[in-house]
Amino acid sequence: MAQPDGKKIFFENLSGAGKAIAVLTSGGDAQGMNAAVRAVVRMGLYVGAKVYFIHEGYQGMVDGGENIKEATWESVSSMLQVGGTVIGSARCKEFRSHEGRLKAAHNLVQHGITNLCVIGGDGSLTGANLFREEWSGLLGELAEQGLIEADAVQKYSALHIVGMVGSIDNDFCGTDMTIGTDSALHRIIEVVDAIMTTAQSHQRTFVLEVMGRHCGYLALVSALACGADWVLIPEMPPEDGWEEKMCEKLSANRAGMKRLNIIIVAEGAIDRSNTPITTDYIKDLVVKCLGFDTRVTILGHVQRGGTPSAFDRILASRMGVEAVLALLETTANTPACVVSLCGNQSVRLPLMECVQMTQEVQRAMDGKRFEEAVKLRGRSFENNLRTYKLLAHRKPESELPVSNFNVAVLNVGAPAAGMNAAVRSAVRVGISEGHKMFAVSDGFEGFYKGQIKEIKWADVGGWTGQGGSLLGTKRTLPAKHIDKIAEQMREHNINALLIVGGFETCDRIKQSASGTKRRVFIIETMGGYCGYLASVGGLAAGADAAYIYEEPFDIRDLQANVEHLTEKMKTSIQRGLVLRNENCNENYTTDFIYQLYSEEGRGVFDSRKNVLGHMQQGGAPSPFDRNFGTKISAKAMQWVSKKLLETFRQGRVFANTEDSCCLLGMRRRALVFQPVVQLKDETDFVHRIPKEQWWLKLRPLMKILAKYKTTFDVSDSGQLEHVVRNRPKESDASVAM
């Protein structure tokens, strides 16, 4: 298959021959750790290195023996979709002592291991860095004691460390998201969505405690994702007298015909005096002051459990590959680094710079410097908090600015999960900016028919978790009805438009295949001519191939894929997954590929096919879609407000410049407002896709992890950056929520 343009590096130039890499998981477990382990093992083997598992974390490194085992390609099969960590994790007091680290060094040298990939939290990574700093001294001691040969001190003189952060709390500075956070949010939202139905039935108030002893990320983002009435986090305790304000808010919501209240509390929530705020205290407060039927739910370790989300699998796979590349390129003078996510890019940062900033957050909270703590958490956290306050707490009418502008919101194209969250955000931010907000039903078709009505703050309550499009959406284009649309805009005095338009199923199918030997599933995904779903879904599900329009293929490629699968299944028990984008090729249909695999694989594996269809558009939106829709829409509405003020002259809005009509989207590490007219040269209008797709760089990862020889674009890799307190502008609204 054709490869995406860019700087392609053959792995002969990045050989791991003669190197030994060990991977371990330490501290608390997090969903996605197994995906990271799998990526490290397969990428390490791919470049010719020996790769070892260290079972039970640092305890296994200290104990040695059977805890350190060489990994094979097959030993990480079928672990991508498994939660927790299959190689085990344990806290180790012995490793904190010099004697324990001496034992660990001896065990590593016995296997020739000088490259260590550590997946864990800041404590685990700090311990790894200390181990690295002491390494040469430890080897000297071992030589003096006669436990290793003198030449081994020189041969294994440097220990190289690369870290990946596995923590459901997202409490590590320097990365937009840590491995496990998105999956934990899925568990929380599943519980919240379930609780909301029973709470609504009985008009109850629920107080939910989520994990986050030192970091309120899970509480804050889940509050955004479900539209909670109140949230309590350690970084920003409520002002004194918060109890009365909270009860007033709950009472007002009930008076507004809302049948339930949700309060989300981080387990480390505190007040301004650093006194813990418990769920029982809140329950007693609500019962005493309001008399509401109130229940407490503590989610506990259910947040760590379950299958990792598609986001965590992709994040962990990308980080694992990047970690191996970093180890291949490291020198004796390279500081220990951590692989992080910034926007949609993997970056390398000095490990101790990140650890020190993470520790600064706690010192700021201990010193009651809460504003500083929020800023140290990063722009993403700060933006989440600002957006929650904006959407959850309505200002009194007397405090709202008077803009005299009318803004309409509509959905166009196919329905997509997260649309309703975006509309809710736009409406509430618009009202906060002083605008009169209008909702247009059924897209441009409803627009020209006059299906327009004013929409109020309370009208969008509860929209965040709803799937589809509550406004209604159709594919009707405006060109044929532009005069009627203009007439409706004049009639309603519309000054601005905000238009919102246009995974797990593959995994479940692969799990079905896991129950039988040697079976290949051929899955057709949606996407029109865009292969994003097939490609990224393939990476998340561990697919063997993904056929897309952007990478032309022929019968020889299909035959090579069949032969590759056949060889894999002859050597071990394997399951296969092949994805096909619906419009990848008019001749090589899903039926054709299914029949080809069935015939050519006869006697080795059998085949099944599945066309996913419109089920991909259905269901409740994920935490990612809810939060991304919410934040990107809030940013869009604030941009609209700014432009309205800039272009308002003599009682009219003059929107006659290029930048008065923009598309808001992610580019590398930032959200960018780009004039629509500039997109003309960058867009393939026939196939309705961009001419350049950033995610094509991820496709070689899927091929490498499926054991294909290929090339890999490392043009974005290799540079060790430094932690900065202020990220590039707009990066706060990154794809990482």
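Residues numbered from 1 in each chain as written. Predicted model: local features only at pLDDT ≥ 70, side-chain atom pairs only at ≥ 80, totals over all residues. Heavy atoms only, no water.

- Identification of the protein chain as 6-phosphofructokinase from Sander lucioperca is taken from an unreviewed UniProt entry.
- Per its UniProt entry, the protein chain bears the Pathway (unreviewed entry) comment "Carbohydrate degradation; glycolysis; D-glyceraldehyde 3-phosphate and glycerone phosphate from D-glucose: step 3/4."
- As stated in UniProt under Cofactor (unreviewed entry), the record for the protein chain gives "Mg(2+)". (UniProt positions renumbered as here; feature names shortened; annotations may be inferred.)

## Looking at the UniProt feature "domain: Phosphofructokinase" (unreviewed entry) in the protein chain
Here's step 1: Sequence positions flagged by UniProt for "domain: Phosphofructokinase" (unreviewed entry) are, in local numbering, residues 21–326 and 504–640.
Here's step 2: Within the segment residues 21–326, helix and strand shares are 45% and 15% respectively, and the terminal C-alpha atoms sit 12 Å apart. (Helix = DSSP H or I, 4+ residues; strand = E, 2+ residues; numbered from the N terminus.)

## Comments concerning the layout of surface pockets
Here's step 1: Considering only enclosed or pocket space, the second largest pocket measures out at about 1,500 Å³ in volume.
Here's step 2: Forming the boundary of the second largest pocket are 47 residues, of which Ala-228, Asp-229, Lys-249, Asn-253 and Ala-392 lie nearest the centre.
Here's step 3: Mapped by element, the contributors of at least two residues to the lining of the second largest pocket are α6 (181–202), β8 (230–232), α8 (242–255), α13 (379–392) and α14 (419–432).
Here's step 4: Sort the elements by how many residues they give to the lining of the second largest pocket and α8 lands first, with six residues.
Here's step 5: Across the lining of the second largest pocket, the residue classes break down as 21 nonpolar, 11 polar and 15 charged. (1 Å grid on protein atoms, 1.4 Å probe; cavity = no way out; pocket = protein on both sides within 12 Å on 5 of 7 lines; lining within 4 Å. Points joined across faces, edges and corners; volume = space filled by probe spheres on them. Nonpolar A, V, L, I, M, F, W, Y, C, P; charged D, E, K, R; others polar.)

## As for the packing of aromatic side chains
Here's step 1: For the structure shown, the criterion picks out 13 aromatic pairs.
Here's step 2: Arranged with centres 4.9 Å apart and planes meeting at 35 degrees, the rings of Tyr-547 and Phe-553 form a pair that is tilted. For the pair shown, Tyr-547 and Phe-553 are each scored as buried.
Here's step 3: Here the aromatic rings of Phe-553 and Tyr-588 are separated by 5.7 Å at their centres, their planes lie at 35 degrees, and the arrangement is tilted. Linking Phe-553 in the loop between β18 (545–547) and α19 (555–571) with Tyr-588 in the loop between β19 (575–581) and α20 (590–600), this pair joins segments that are 35 residues apart in sequence.
Here's step 4: Note on Phe-553: relative accessible area 7%, which makes it buried. (Phe/Tyr/Trp six-rings, centres within 6.5 Å; stacked < 30°, edge-to-face > 60°. Buried < 20%, exposed > 50% of the residue type's maximum accessible area, 1.4 Å probe, protein only.)

## What to know about the state of the cysteines
Here's step 1: Taken as a whole, this structure holds zero disulfides when the rule is applied.
Here's step 2: Considering cysteine sulfurs only, Cys-337 is the nearest to Cys-117, which forms no disulfide, with 9.3 Å between them.
Here's step 3: When its relative accessible area of 0% is taken as the criterion, Cys-117 is described as buried.
Here's step 4: For the unlinked cysteine Cys-226, the closest cysteine sulfur is that of Cys-215, found at 17 Å. (Disulfide = S-S within 2.5 Å.)

## Thoughts on the confidence of the model for the protein chain
Regions with low pLDDT should not have their predicted coordinates read in detail.
Here's step 1: Across the protein chain, pLDDT averages 88, with 93% of residues at or above 70.
Here's step 2: Segment residues 503–511: pLDDT under 50, and 29 contacts once partners within four positions in sequence are set aside and those in other chains are kept. (pLDDT = per-residue confidence, 0-100. Contact = heavy atoms within 4.5 Å.)

## Quick word on the sheet that holds strand β5 (residues 115–120)
Here's step 1: Strand order across the open sheet formed by seven strands is β4-β3-β2-β5-β6-β11-β12, with mixed pairing between neighbours. Whereas interior strands pair on both sides, the edge strands pair on one side only; in this sheet they are β4 (68–70) and β12 (345–350). When strand polarity is set aside, the average angle formed by the axes of neighbouring strands in this sheet is 25 degrees.
Here's step 2: Here β5 runs beside strand β6 (residues 160–165); their pairing, made up of six bridges, is parallel. Across the sheet, residue Val-118 finds its bridge partner in β6, namely Gly-163. (Pairing = 2+ DSSP bridges. Axes fitted to C-alpha atoms, helices over the stretch in contact; angles between N-to-C directions.)

## Some details on empty space enclosed by the protein
Here's step 1: Taken as a whole, the second largest cavity spans an internal volume of roughly 30 Å³.
Here's step 2: Forming the walls of the second largest cavity are Ala-223, Leu-224, Gly-227, Ala-228, Tyr-388, Leu-391, Ala-392 and Arg-424.
Here's step 3: If you list the elements that add at least two residues to the lining of the second largest cavity, you get α7 (217–226) and α13.
Here's step 4: When residues of the lining of the second largest cavity are assigned to their parent elements, the largest contribution, three residues, is made by α13.
Here's step 5: Of the residues contributing to the lining of the second largest cavity, the split by class is six nonpolar, one polar and one charged.

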